[in-house]
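Here are the chains, one letter per residue:
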Amino acid sequence: MSGSSTSTSQDLPMTLLPLTSQHRDEIDQTVLERVPPGALKMIVQSEGADTTTTESLLVLINTILAASTLLKREHLKDNLDVNLALAKETLRQHPKLQEIIRRACEMRSFSHIADLEIFQIPQTSDLPAPSSQDEDRSNFLYDSFIRPYVGKAVDSFYEYLKNNNVKFKGDGLERPYYAKFCSIVQSSGTGKSRLMTELRKKGVIVLYMNLRGPSDRGFPMRDLVPARILTEDTDCTRAEYTARCCAFFTAIFQTLQEDLSSKLPRLRSGNPNPAIKIWNDQMCNMCSEARVEFFQKVRSRYQETLTKIKVPKPEENTNADPAAPTAEETTAKLGSMSITDEKNMAPKLEGESFVTTSYNNMLRVLQRIFTEKDEDKVPNNDPKLVIAFDEAHPLSNMSRRGFRPSHIIGRTINSYSKNSDASVWVVFASTTSQVADFSAPQSIHDSLRVAVAGQLLYPPYTHLGWDQNADPLSGTSANDVARFDHIVGFGRPLWKSLVEKRVIAEILRLAAQKLCKSKTFDPNDTNQALAVLSQRFGLDICFGHPDAVSYLEKAVASHLRVCFSTTEDRMWAFTGYPSEPLLSCVAAILLHRMPTNLGLALGVLKRKVDGGMVEIGQSGELTSRLLLLLAKDLLIRQDPPKA
C-alpha cells in the first residue's frame, strides 16, 4: 500500500488515499448532503460521548461509501472495507474513532476518516501505476501552463473588454446591450485559459473557474464548487436553478468583498494595485491553497443564501398554456416595444435582491478599486474584475425541464449589471460556438436571439494569436527550415509548450488525437476525414450548403479548425486551417500510415464535393492542390534512389 503513513492525534494509524484536494472536497460535500444537519449538531455537542452511536455510524458509512465511489470513478484502487464501516461493533472496538468523527463534524471535513488504516484492506502490492502517471501528467500540464506568456493577445482582449464597456453604456438612456458578459471561442490549444489568467498582469482582478466534466482530466482542473452548482442536477425546475444562480453569484461577490477588503487596509497609500496583485497571484495559481479556501467560503455562503431564497413550488399542471403567445407573436410584440418599457419587463428572478445587494455592496466597499478615474476625473472603462468560466459549453445543454442553464445565468448577470457602469465582466470560454449564444429570453422561444431588456450580445473574441513561438527566419538556414525544432514554433502555442517535457513521437501522437478527436484515425468517419484533408489540402466549405454550419461548429470544437471571426449576429463563423507545419505533417502521416487510408478519405471528399459542401474552386484549384501535395507526399515516402 502506497502513500505516507502517519498517526492521528488519537493514535489511530493513517495512510493517505491517492486523492486530490478537489476529490476530498467532493467527499465532504457528499457527506453534508446525505447526513441531516441535526445529526451533525448532535455529534458535535456530544463531546465524544457514546450516546450518538447511530448518528456517528451514519457519518462513517456515508464517508466510506463516498470515498469508495470516487476511487472507482477515478479508476484508482478501491481498498476500502465498506462492510466494516457498516458494523456498530467498529465504534466499540475503536473508542477513539468517536472523537475523530466528532471533530470531523465540527470542522465539516470528513475525507480523512477514509485515510484511517482500519478501513483499508491490506494490499500485497502498491497502488497501480495510473495514479502516478496521472500525477506526472498533471505536473507536466501545470509546467506547460506557467511557461512565460508570449504574444499580444492579452492586450487586445483587454481593449476588447474596455470597448465593450463603452458600448454597454450607450449614447442615451437606453442601453443597447443585454448584460455584461461576453465569450471567447477558439479551437483547442490556442491559449484561451491562459489568456484569461494573464489579464491579472494588466491589473485586472481575475476569478478563474473551470467547468469541465468530471471525467475530463485536462488542465486547468475542474473547480468542483462552481461546476457542481452550475452544471450538475440541472433537471430541477427553472425557479430552483434560478435560485442557485443568484445564490452562487451572491456568494462570489460576498467572498470577493471579504478577501479584497481584508488586504486593502494594509496599504499605506491609496493605490489598491499591490493588494490586487497579491490576490491575483494566489488565485491564478491553479495549485494554491488560496483557491481551495476561496471556494470553500463560496460554498458556505452559497448554501446559506440558498436557504433564504423563496422558491415557488412547481405547479401540478405542467402542460403549456394554450393561451400563451407563440414565438412569432412574441417576436412581433418585441418589434413594437421599447426595451425600456417597464410594463413589458420580465418578472424578477428568484433571489434577484440577494445578488444585486451583494454586487452593490462589493462596489461600495471596494470603491477604491471599482471607481478608478482617468486624468479628467471621469470614471474610465478599463476592466476591473473578470469572472471567467472556462470550458463553459455544458451550460448550453438543454435540461429535461426545457431550459438552458446559460439563459438563466445570462438573466442573473443582467439583473445586477443592467444599471451599473462598473467594468465588471463575466467571460465564458469554450471551443464550441454555443458559448457565444448566452442570450437570455424571458418568455421567448429558444431559437430567438433577442431579450426583452436588451437586444444585443457581444460577438465572441477569437484573436488569440498565431505563430507566437516561431523562430526568426533570419537566423534559420534553408537546411533547418523543415526540422522539428523549427516547425514546432509555428501555429498554436500548445505544441511549443510540450517540447521541454515530451519527446517528438508523443507530441505527434497528441496532435493526431486532437485533430481526429480519437486515439486512432478512421478514414471512413466523415468528420475525421474532412479534418485531416482540410488541414493538408486547405478545403473550402460552401457557405450555402445546409450541412456547412453544423460541420464547421464540430470542426472548431473537436478537430482543431480555427475560428477567424464571426458575424455581428453570430449566425456565421469564418473558419479554416491556417498554415501549421507540424499539424500538416501529422495529417500527411495519418493519410499514408495505412495503404487504404488515403483512398477511403478521398472517397469521403468525393461525396462531399458531389454534394456541394466542399468547393473545388472556379478553375479547379482543389484538384491542383491535391495532385501537387500528394505527389510530394508519395515521393518522399519512396525508398531513396540507388546511386
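In what follows, the accompanying structure is described. Please read these numbers as outputs of a predicted model, since none were measured by experiment. (Residues numbered from 1 in each chain as written. Predicted model: local features only at pLDDT ≥ 70, side-chain atom pairs only at ≥ 80, totals over all residues. Heavy atoms only, no water.)

Remarks on the overall build of the protein chain
Thinking step 1. The helix and strand inventory of the protein chain stands at 25 helices and ten strands.
Thinking step 2. Among the 643 residues that make up the protein chain, the fraction classed as buried is 48%.
Thinking step 3. Of the contacts formed within the protein chain by residues at least 6 apart in sequence, a portion of 73% connects residues at least 24 apart.
Thinking step 4. For the protein chain, the computed accessible surface area is about 31500 Å², with 52% contributed by carbon and sulfur atoms. (Helix = DSSP H or I, 4+ residues; strand = E, 2+ residues; numbered from the N terminus. Buried < 20%, exposed > 50% of the residue type's maximum accessible area, 1.4 Å probe, protein only. Contact = heavy atoms within 4.5 Å. Areas by Shrake-Rupley, 256 points an atom, 1.4 Å probe, with all protein chains shown as cover.)

Quick word on the sheet that holds strand β3 (residues 181-185)
Thinking step 1. Pairing in this open sheet of four strands is parallel, and the strands run β3-β6-β5-β4 from one edge to the other. At either margin of the open sheet sits one strand with a lone partner, and together these are β3 and β4 (205-210). The average undirected angle you get between the axes of adjacent strands in this sheet is 20°.
Thinking step 2. Pairing between strand β5 (residues 385-390) and strand β6 (residues 424-430): five bridges, direction parallel. Of the residues in β6, the one forming a bridge with I387 is V426.
Thinking step 3. Across the sheet, helix α17 (residues 405-417) is in contact with β3 and β6; its angle to β6 comes to roughly 165°. (Pairing = 2+ DSSP bridges. Axes fitted to C-alpha atoms, helices over the stretch in contact; angles between N-to-C directions.)

Things to note about the pairing of β5
Thinking step 1. Burial within β5 is extensive, with six of its six residues counted as buried.
Thinking step 2. Burial of β5 is two-sided: the residues L385, I387 and F389 facing one way and the residues V386, A388 and D390 facing the other way are all buried.
Thinking step 3. Bridge count for β4 against β5 is six bridges, and the pairing is parallel. Within the sheet, the bridge partner assigned to N210 lies in β5 and is D390.
Thinking step 4. Crossover connection from β5 via α17 to parallel β6: handedness right-handed. (Right-handed = clockwise from strand over helix to strand, strands pointing away.)

Some remarks on the environment of S156
Thinking step 1. Relative to the helices and strands, S156 is located in helix α8 (residues 153-169).
Thinking step 2. Taking the C-alpha atoms as reference points, S156 and L464, separated by 308 residues in sequence, lie 8.7 Å from one another.

Topic: the pattern of salt bridges
Thinking step 1. Within this structure, the stated rule accounts for 26 salt bridges.
Thinking step 2. Here K277 ties to D281 by a salt bridge, and the two come within 2.7 Å at their closest N and O atoms. Note that K277 and D281 are positioned in helix α12 (residues 273-283) at a spacing of four residues, about one turn of the helix. (Salt bridge = Lys/Arg side-chain N within 4 Å of Asp/Glu carboxyl O.)

Here we look at the packing of helix α2 (residues 37-45) against helix α3 (residues 53-73)
Thinking step 1. Taken N-terminus to C-terminus, the directions of α2 and α3 make an angle of 115°; their axes are 9 Å apart at the nearest point. Once α2 is placed against α3, the crossing between them reads as left-handed. Packed against α2, whose contacting residues are A39, L40, M42 and I43, the element α3 presents E55, S56 and V59 at the interface.
Thinking step 2. Residue composition of the contact of α2 with α3, by class: five nonpolar, one polar and one charged. (Left-handed = near helix turned anticlockwise from the far one by under 90°. Nonpolar A, V, L, I, M, F, W, Y, C, P; charged D, E, K, R; others polar.)

Some words on helix α24 (residues 597-610)
Thinking step 1. Over its 14 residues, α24 runs 20 Å from end to end, which matches the ideal 20 Å to within 8%, given 1.5 Å per residue.
Thinking step 2. Residues of α24 that are buried include every one of N597, L598, A601, V604 and L605, and no others. Looking straight down α24, one finds its buried side chains confined to an arc of 125°; they lie on one side. Summarising the geometry of α24, the exposed residues directed more than 90 degrees from the buried face are K606, R607 and D610.
Thinking step 3. On its buried face, α24 sits against α21 (526-537), α23 (581-593), β10 (614-615) and α25 (621-636).
Thinking step 4. The positive-phi residue at the C-terminal boundary of α24 is G612, with phi of around 90°. (Expected span 1.5 Å × (residues − 1). Arc of directions from axis to C-beta.)

Structural notes on the environment of Y177
Thinking step 1. Tracing the chain through its elements places Y177 in the loop between α8 and β3.
Thinking step 2. Residues contacting Y177, with those up to four places away along its chain left out, are K167, F168, L456, L457 and Y458.

A look at the nonpolar core
Thinking step 1. In this structure, F248, F249, I252 and F389 are the most contacted members of the largest nonpolar core, which totals 57 residues.
Thinking step 2. Filtering out sequence-adjacent residues up to four positions away, F249 remains in contact with V355, S358, F389, I409, T412, I413, Y416 and V426. (Core = buried A, V, L, I, M, F, W, Y, C linked by side-chain atoms within 4.5 Å.)

A few points about unusual backbone geometry
Thinking step 1. Geometrically, the link from F219 to P220 is a cis peptide bond, its omega value of 0° lying close to zero.
Thinking step 2. Positionally, P220 belongs in the loop between β4 and α10 (224-231).
Thinking step 3. For R108, which is not glycine, the phi torsion reads 55° and is therefore positive.
Thinking step 4. Relative to the assigned elements, R108 resides in the loop between α6 (96-107) and α7 (129-145).
Thinking step 5. Non-glycine residue D467 carries a positive phi angle of around 60°.

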